[in-house]
Amino acid sequence: MEWIDAHCHLHDPWFTHSDISDLESQFIENNIKYIINCASEPKHYDFVTHTAKQDRFYITLGIQPTIALDAKHMNLLQMYGNYIDILKDKFVGIGEVGLDYYWVKDEKQREIQREVFTQIIKLANELNQKLIIHSRKAETDCLTLLEKYAQVPVLLHSFDGNLKETERAMDLGYKISIPTNLTIRKNRRKTAIRAGLENIMLETDSPFCAVSEDIKRNDPSQIPIAGKYLVKLFELPIEEISHRTTQNAVEYYKLSNIT
Ligand SMILES: [Zn+2]
């Protein structure tokens, strides 16, 4: 029985390289086969790229919506081109990218977010790279832009939309990664059920989204706890939950297959 953490942030300021080495024994103990390590700002790209040297790690690089204004002045095509050259098949997607109306209330800044997001979706099409989406209090606008422009596979990470938005995402053929805090957040559980086991994978979003408020820094070894919670939700054996969520992540990110 093996698990995948489909989205997390194992980098500074939360993790040092030696913290990550220290966690290795827990990854083995908890059967964490693969970790999709995400840097959502260029200042973390080099750290995360370094982690790709380990077999267990695959990488996604994003531009989080709160830095959309800076991204307007970046040469994204060149930047992504360079990292894809370095990382080769360890680079598995562009993200997280998207819209965040929770932190950004100003309409002009939200407009910039939409502009940059649109630009990034088109870039993903051009580079033929999968998208990993962050959307906070902006689900409808996010889905509208994705529906209009995205020609590549889409994973909605920690998606917190309502029933209608989740159904719309499923109609569009998107996947959803459910964070470990489904143990304490009802809407995460509802999303998992609405999306169905065939469309979900598990993520920790480390260092965030821990299974309990008492855990200050989440890490990928917590994935099986979320898996056990899905056993209750779907009334299926743990082996089935592990197999299905792991296969969904393997297929989405096109990782080496697991026997
Ligand atoms: Zn994240």
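Refer to the preceding data block for the structure.
Cut-off values and rules
- Residues numbered from 1 in each chain as written.
- Predicted model: local features only at pLDDT ≥ 70, side-chain atom pairs only at ≥ 80, totals over all residues.
- Heavy atoms only, no water.
- Helix = DSSP H or I, 4+ residues; strand = E, 2+ residues; numbered from the N terminus.
- Buried < 20%, exposed > 50% of the residue type's maximum accessible area, 1.4 Å probe, protein only.
- Areas by Shrake-Rupley, 256 points an atom, 1.4 Å probe, with all protein chains shown as cover.
- Lys, Arg positive; Asp, Glu negative; His and termini not counted.
- Charge placed at Lys NZ, Arg CZ, Asp CG, Glu CD.
- Donors = N, O, S within 2.8 Å, 3.2 Å for Na, K, Ca; no water.
- Tetrahedral: all angles 85-135°; square planar, octahedral: opposite > 155°, others 65-115°.
- Arc of directions from axis to C-beta.
- Contact = heavy atoms within 4.5 Å.
- Salt bridge = Lys/Arg side-chain N within 4 Å of Asp/Glu carboxyl O.
- Core = buried A, V, L, I, M, F, W, Y, C linked by side-chain atoms within 4.5 Å.
- Pairing = 2+ DSSP bridges.
- Axes fitted to C-alpha atoms, helices over the stretch in contact; angles between N-to-C directions.
- Parallel < 35°, antiparallel > 145°, perpendicular 65-115°, else oblique.
- Left-handed = near helix turned anticlockwise from the far one by under 90°.
- Nonpolar A, V, L, I, M, F, W, Y, C, P; charged D, E, K, R; others polar.

(A) Molecular detail of the overall build of the protein chain. Tallying secondary structure elements over the protein chain gives 10 helices and 8 strands in all. Structurally, the protein chain occupies a C-alpha span of about 45 × 40 × 35 Å along its principal axes. Across the 259 residues in the protein chain, those meeting the buried criterion constitute 57%. Carbon and sulfur atoms make up 49% of the accessible area of the protein chain, which totals about 11800 Å². If the 31 positive side-chain charges of the protein chain are averaged to one point and the 37 negative ones to another, these points end up 4 Å apart.

(B) Fine view of the coordination of the zinc ion. Within the protein, His7 (NE2), His9 (NE2), Glu96 (OE) and Asp205 (OD) serve as the donor atoms for the zinc ion, at 2.1 to 2.3 Å. If you look at the zinc ion, its 4 donor atoms make angles of 83 to 177° with each other, and the shape they trace is irregular. Mapped onto the polypeptide sequence, the residues donating to the zinc ion form the spacing pattern H-x1-H-x86-E-x108-D. On the criterion of sequence distance, the pair formed by histidine 7 in strand S1 (residues 3-8) and glutamate 96 in strand S4 (residues 91-100) is long-range, its members being 89 residues apart.

(C) Structural view of helix H6 (residues 139-149). Among all positions of H6, only Glu139, Cys142, Leu143, Leu145 and Leu146 are buried. Across the axial projection of H6, the buried residues extend over an arc of 165°, all falling on one side. Turning to H6, the residues buried within the fold contact S4, helix H5 (107-127), strand S5 (131-136), strand S6 (154-157) and helix H7 (163-171).

(D) Highlighting the pattern of salt bridges. Inspection of the entire model under this criterion finds 11 salt bridges. Among the ionic pairs, arginine 168 bridges to glutamate 147, the shortest N-O distance being 3.0 Å. Here the residue arginine 168 occupies a position in helix H7, and glutamate 147 occupies one in helix H6, the gap between them amounting to 21 residues. Each of the salt bridges in this network shares a partner with another, and the network as a whole consists of Glu107, Glu111, Arg114 and Asp141.

(E) Quick peek at the nonpolar core. Formed by 67 residues in total, the largest nonpolar core has its most connected members in Leu61, Ile63, Tyr80, Leu131, Leu146 and Leu156. Looking at this core, the element that brings in the most residues is H5, giving 7 residues. Setting aside anything within four residues of it in sequence, one finds leucine 146 in contact with Phe117, Ile121, Leu131, Ile133, Val154, Leu156 and Tyr174. Grouped together as the second largest cluster of nonpolar side chains are 14 residues, Ile4, Ala6, Tyr58 and Ile132 included.

(F) Region of interest: the sheet that holds S1. Taking strand neighbours across the sheet as the criterion, the 8 strands line up as S1-S2-S3-S4-S5-S6-S7-S8 in an open arrangement whose pairing is parallel. Whereas interior strands pair on both sides, the edge strands pair on one side only; in this sheet they are S1 and strand S8 (200-203). On average, each strand axis in the sheet is inclined to that of its neighbour by 25°, with strand direction left out of account. Bridge count between S6 and strand S7 (residues 175-179): 3 bridges; the pairing is parallel. Bridge assignment links histidine 157 to a residue of S7, and that residue is serine 177. The sheet contacts of H6 involve S4, S5 and S6, and relative to S5 the element is tilted by about 150°. The sheet strands contacting helix H9 (residues 223-234) are S1, strand S2 (32-39) and S8, and the helix crosses S8 at an angle near 145°.

(G) Inspection of unusual backbone geometry at higher detail. Between aspartate 12 and proline 13 the backbone carries a cis peptide bond, its omega angle lying at 5°. Tracing the backbone shows proline 13 in the loop between S1 and helix H1 (17-29). The omega torsion across serine 206 and proline 207 is 10°, close enough to zero to call that bond cis. Not every positive phi belongs to a glycine, and aspartate 205 is a case in point at roughly 50°.

(H) Geometry of the packing of helix H8 (residues 186-195) against H9. Two elements in contact, H8 and H9, have axes whose closest approach is 11 Å; the angle formed by their N-to-C orientations is 60°. One way to sum up the angle between H8 and H9 is to call them oblique. Crossing handedness for the pair H8 and H9: right-handed. Judged by residue contacts, Arg189, Ala192 and Ile193 of H8 engage Tyr229, Leu230, Leu233 and Phe234 from H9. Residues belonging to the contact of H8 with H9 are distributed by class as follows: 6 nonpolar, no polar and 1 charged.

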